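One-letter residues, chain by chain:
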Amino acid sequence: MKHLLSIEDLSAAQIHHLLELTDHMVEVSSRPIPKVPALRGKNVVSLFFEDSTRTRTSFDTAAKRLSADTMNFAISSSSVNKGESLRDTIETISAMGVDAFVVRHKSSGAPQMVTRWTNASIINAGDGWHQHPTQALLDCFTIRTSLNRRDGFDGLHIAIVGDIKHSRVARSDVQAFAALGARVTLVAPPTLLPPSLDGWPVEVSHDLDALLPHLDVLYLLRVQRERMDDALLPSLDEYSAMYGLTPARAARMAPHALVMHPGPMNRGVEMVADPGELPGSVILNQVTNGVAVRMAVLFWLLGSGADLKSSDLKGDAS
Ligand code: CP
């Protein structure tokens, strides 16, 4: 693989391979000096045309832990503001010597377009409503470790709740969870579902309360007010009353069940309970695992990740 653009491009075996590689990166991250020379000499450029806290910082940390050089391109102070096109921006930075671009863009398909204008690897860090593949991988890794499911998700029931229509996380997670064998139910008001779910390996429900006691994972999505052109919800209070995770709803979940959220959270909307008070919350584990997963992805694309050598991760990054 040269690029990571979509979960659809990965087989179940490749997802398992990346999760196993992530186990090694977790071990590296637990060392007193969490740094290895695996990507020494490689140059990784973050190109975020949309805001980010988790994805941008975890890719940067991941690249540094592998000893890659990193460049954070600040759109707000770049020549994009003078009208420079995406193509010219990519070709210009590529001319400085780039091994991988990590690209976030508000337009679906932008990372795919970028592959035409550079020889560097492209990693999709979220494009429009389309895909966010490393989020799906870190979510799979979190479920795999939290529920001790190294061999796959057969028999697990995962509900993804909320604004499915506008969510690249939902599209990516559905594909990844289903590829690993989970049963996936989408829970949302009809206005926050895509117009067609043809080909989606999912069931649909509008009744969160009926499902709650039977779930292994409750995956809440952010209500994306910035992507809503129309009034798709009568009010946020009504959304909360039907689909928000309140303490009372959390108390009806199975003791082993996980609560997940990709962040950023709308407290008081989809997350009414205090996540710090929820025994099943693995939301901060998702963030922690994001670094190791992104190390695995960078190593897979730029290093010898398809066939890990014992020397790759030895700790001599001085
Ligand atoms: N989950 C996620 O993509 O978060 P950021 O927008 O903060 O990167």
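Conventions we followed
- Residues numbered from 1 in each chain as written.
- Predicted model: local features only at pLDDT ≥ 70, side-chain atom pairs only at ≥ 80, totals over all residues.
- Heavy atoms only, no water.
- Near = heavy atom within 4 Å.
- Polar contact = N/O pair within 3.5 Å; in protein donor to acceptor, adjacent residues only side chain to side chain.
- Areas by Shrake-Rupley, 256 points an atom, 1.4 Å probe, with all protein chains shown as cover.
- Nonpolar A, V, L, I, M, F, W, Y, C, P; charged D, E, K, R; others polar.
- Domains from an automatic or database assignment.
- Salt bridge = Lys/Arg side-chain N within 4 Å of Asp/Glu carboxyl O.
- Buried < 20%, exposed > 50% of the residue type's maximum accessible area, 1.4 Å probe, protein only.
- Helix = DSSP H or I, 4+ residues; strand = E, 2+ residues; numbered from the N terminus.
- Pairing = 2+ DSSP bridges.
- Right-handed = clockwise from strand over helix to strand, strands pointing away.
- Buried area = accessible area lost by both parts, 1.4 Å probe.
- Contact = heavy atoms within 4.5 Å.
- Axes fitted to C-alpha atoms, helices over the stretch in contact; angles between N-to-C directions.
- Expected span 1.5 Å × (residues − 1).
- Left-handed = near helix turned anticlockwise from the far one by under 90°.

Here we take up the site of the ligand. Near the ligand the following residues occur: Ser-52, Thr-53, Arg-54, Thr-55, Arg-104, His-132, Gln-135, Pro-262 and Gly-263. At a separation of 2.8 Å, an oxygen atom of the ligand approaches a polar backbone atom of Thr-53. In this structure, Pro-262 approaches the ligand through a main-chain N or O atom, which is 2.9 Å from a nitrogen atom. Protein contact buries 91% of the 260 Å² of open area that the ligand shows by itself. A per-class count over the shell around the ligand returns one nonpolar, six polar and two charged. A domain-level breakdown of the shell around the ligand finds at least three residues from each of domain 1 (7-132 + 286-313) and domain 2 (135-283).

For side chains bearing opposite charge, pairing can occur when the charged atoms are close. Summed over the entire model, instances satisfying the criterion amount to ten salt bridges. Here the salt bridges share partners, and the residues they tie into one network are Asp-23, Arg-144 and Arg-150.

Most of strand E5 (residues 157-161) is tucked away, with five of its five residues classed as buried. Every second residue of E5 is oriented toward a common face, with His-157, Ala-159 and Val-161 on one face and Ile-158 and Ile-160 on the other, all of them buried. In this structure, E5 lies alongside strand E6 (residues 183-187), joined through five bridges in parallel fashion. Directly across from Val-161, in E6, lies its bridge partner Val-187. Once you follow E5 into helix H6 (residues 168-179) and on to E6, the crossover reads as right-handed. Two strands pair when backbone bridges link them, and E5 and strand E8 (residues 217-220) are joined in this way by four bridges, in the parallel orientation. Paired with Ile-158 across the two strands is Val-217, which belongs to E8.

Size of an interface: often given as the accessible area lost when the parts come together. Here the domain parsing of the chain yields domain 1 (7-132 + 286-313) and domain 2 (135-283). Using only C-alpha atoms to locate each centre, domain 1 and domain 2 end up separated by 26 Å. By the criterion of area lost to domain 2, the three top residues of domain 1 are Trp-129, His-132 and Gln-286, representing 33% of everything that side buries. In this structure, the connection of domain 1 to domain 2 is made through three salt bridges. Here Arg-150 makes a salt bridge to Asp-23, at a shortest N to O gap of 3.0 Å. Across the domain 1-domain 2 interface, the total number found is 16 residue pairs in polar contact (both at pLDDT 80 or more). Taken together, the elements giving at least two residues each to the side of domain 1 that touches domain 2 come down to helix H1 (12-29), strand E3 (100-105), strand E4 (121-127) and helix H10 (283-302). Broken down by element, the side of domain 1 that touches domain 2 gets its largest block of residues, nine residues, from H1.

This part covers the environment of Lys-314. Relative to the assigned elements, Lys-314 resides in the segment after H10. Considered as a pair, Lys-314 and Pro-213 are 101 residues apart in the sequence and their alpha carbons are 45 Å apart. Discounting chain neighbours no more than four positions away, the residues touching Lys-314 are Arg-31, Val-36 and Pro-37.

Taken in spatial order, the five strands make up an open sheet running E7-E6-E5-E8-E9, and their pairing is parallel. One side of each edge strand has no neighbouring strand; the edge strands of this open sheet are strand E7 (203-205) and strand E9 (258-260). Here the average twist between neighbouring strands, direction ignored, is 20°. Those strands touched by helix H5 (residues 133-146) are E5, E8 and E9, and its axis lies near 165° from that of E9. Running over the sheet, H6 touches E5, E6 and E8 and is turned about 175° from E5.

Given 3.6 residues per helical turn, the α-helix brings residues three or four places apart onto the same face. Compared with the 16 Å implied by 1.5 Å per residue over twelve residues, the 16 Å span of helix H2 (residues 54-65) between its first and last C-alpha is a close match. All of the buried residues in H2 are Thr-55, Ser-58, Phe-59, Asp-60, Ala-62 and Ala-63. Lining the buried residues of H2 we find strand E1 (43-48), strand E2 (69-73), E3, E4, H5 and H10. Phi turns positive one or two residues past the end of H2, at Ser-67, with a value near 70°.

It is worth spelling out the packing of H1 against H10 at this point. At a closest axis distance of 8 Å, the pairing of H1 and H10 adopts a crossing angle of 115°. You can see that H1 and H10 cross each other, and the crossing is right-handed. Here Gln-14, His-17, Leu-18, Leu-21, Thr-22, Met-25, Val-26, Val-28 and Ser-29 of H1 come into contact with H10, specifically with Ala-292, Val-293, Met-295, Ala-296, Val-297, Phe-299 and Trp-300.

A separate point is H5. Relative to the 20 Å expected for 14 residues at 1.5 Å per residue, H5 spans 20 Å between its end C-alpha atoms, a close match to the ideal helical length. The element H5 is extensively covered by neighbouring structure, given that twelve of its 14 residues are classed as buried. All of the buried residues in H5 are Pro-133, Thr-134, Gln-135, Ala-136, Leu-137, Leu-138, Asp-139, Cys-140, Phe-141, Thr-142, Ile-143 and Arg-144. Phi for Asn-148, located one or two positions after H5, is positive at around 55°.

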